[in-house]
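# A look at the structure
As a plain string of letters, each chain reads:
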Amino acid sequence: MATQSVSPALLRLPTVCALVGLSKSQIYRLIRAGEFPAAIPLGANSVAWPAERVNAWVSEKINAAQG
């Protein structure tokens, strides 16, 4: 049985907003406050978020809410 590696995924802002349930403005406020993962530049005018960092942030929020 072969193991399959999962390649890292990059998420664009609309997908990040949908996954975390926050607006664009709120996401950028949290980034400035150091409370949300920063985007990485893809080119001159585009950025994306590593899916693993966004998913880790969501998991952290869920764990914090559970006590």
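Read on for an overview of the structure.

Calculation criteria
- Residues numbered from 1 in each chain as written.
- Predicted model: local features only at pLDDT ≥ 70, side-chain atom pairs only at ≥ 80, totals over all residues.
- Heavy atoms only, no water.
- Pairing = 2+ DSSP bridges.
- Helix = DSSP H or I, 4+ residues; strand = E, 2+ residues; numbered from the N terminus.
- Core = buried A, V, L, I, M, F, W, Y, C linked by side-chain atoms within 4.5 Å.
- Buried < 20%, exposed > 50% of the residue type's maximum accessible area, 1.4 Å probe, protein only.
- Phe/Tyr/Trp six-rings, centres within 6.5 Å; stacked < 30°, edge-to-face > 60°.
- Expected span 1.5 Å × (residues − 1).
- Arc of directions from axis to C-beta.

## What about the sheet that holds strand E3 (residues 46–50)?
Strand pairs in the sheet, formed through backbone hydrogen bonds, run parallel or antiparallel to each other. Across the sheet, which stays open at both edges, the three strands sit in the order E1-E3-E2 with antiparallel pairing between neighbours. The open sheet is flanked by strand E1 (10–11) and strand E2 (40–43), the only strands paired with a single partner. In this sheet, E3 lies alongside E2 in antiparallel orientation, the contact comprising three bridges. Across the sheet, the residue bridging to Ile 40 is Ala 48, located in E3.

## Some details on the nonpolar core
Leu 11, Leu 13, Val 16, Cys 17, Val 20, Ile 27, Leu 30, Phe 36, Trp 49, Ala 51, Val 54 and Trp 57 together form the largest nonpolar core, which totals twelve residues. Looking at this core, the elements that each hand over two or more residues are helix H1 (13–20), helix H2 (24–32) and helix H3 (51–65). When residues in this core are grouped by element, the largest group, four residues, is from H1.

## A word on the packing of aromatic side chains
Applying the stated criterion to the full structure yields two aromatic pairs. Here Phe 36 and Trp 57 contribute two aromatic rings whose centre-to-centre distance is 4.8 Å and whose plane-to-plane angle is 70°, an arrangement assigned as edge-to-face. Of this pair, Phe 36 sits in the loop between H2 and E2 while Trp 57 is found in helix H3, placing the two residues 21 residues apart along the sequence. Take Phe 36: its relative accessible area is 6%, and that puts it in the buried class.

## Overview of H3
The first and last C-alpha atoms of H3 sit 21 Å apart over 15 residues, in line with the 21 Å expected at 1.5 Å per residue. Here H3 has its buried residues at Ala 51, Val 54 and Trp 57. Here the buried residues of H3 occupy an arc of 130° about the axis, which is enough to place them on one side. Relative to its buried face, H3 has exposed residues pointing more than 90 degrees away, namely Glu 52, Glu 60 and Ala 64.

## A word on the pairing of E3
In this structure, E1 lies alongside E3, joined through two bridges in antiparallel fashion. Each residue of the ladder has a partner; that of Leu 10, found in E3, is Pro 50.

Nothing here speaks to function; it is geometry throughout.
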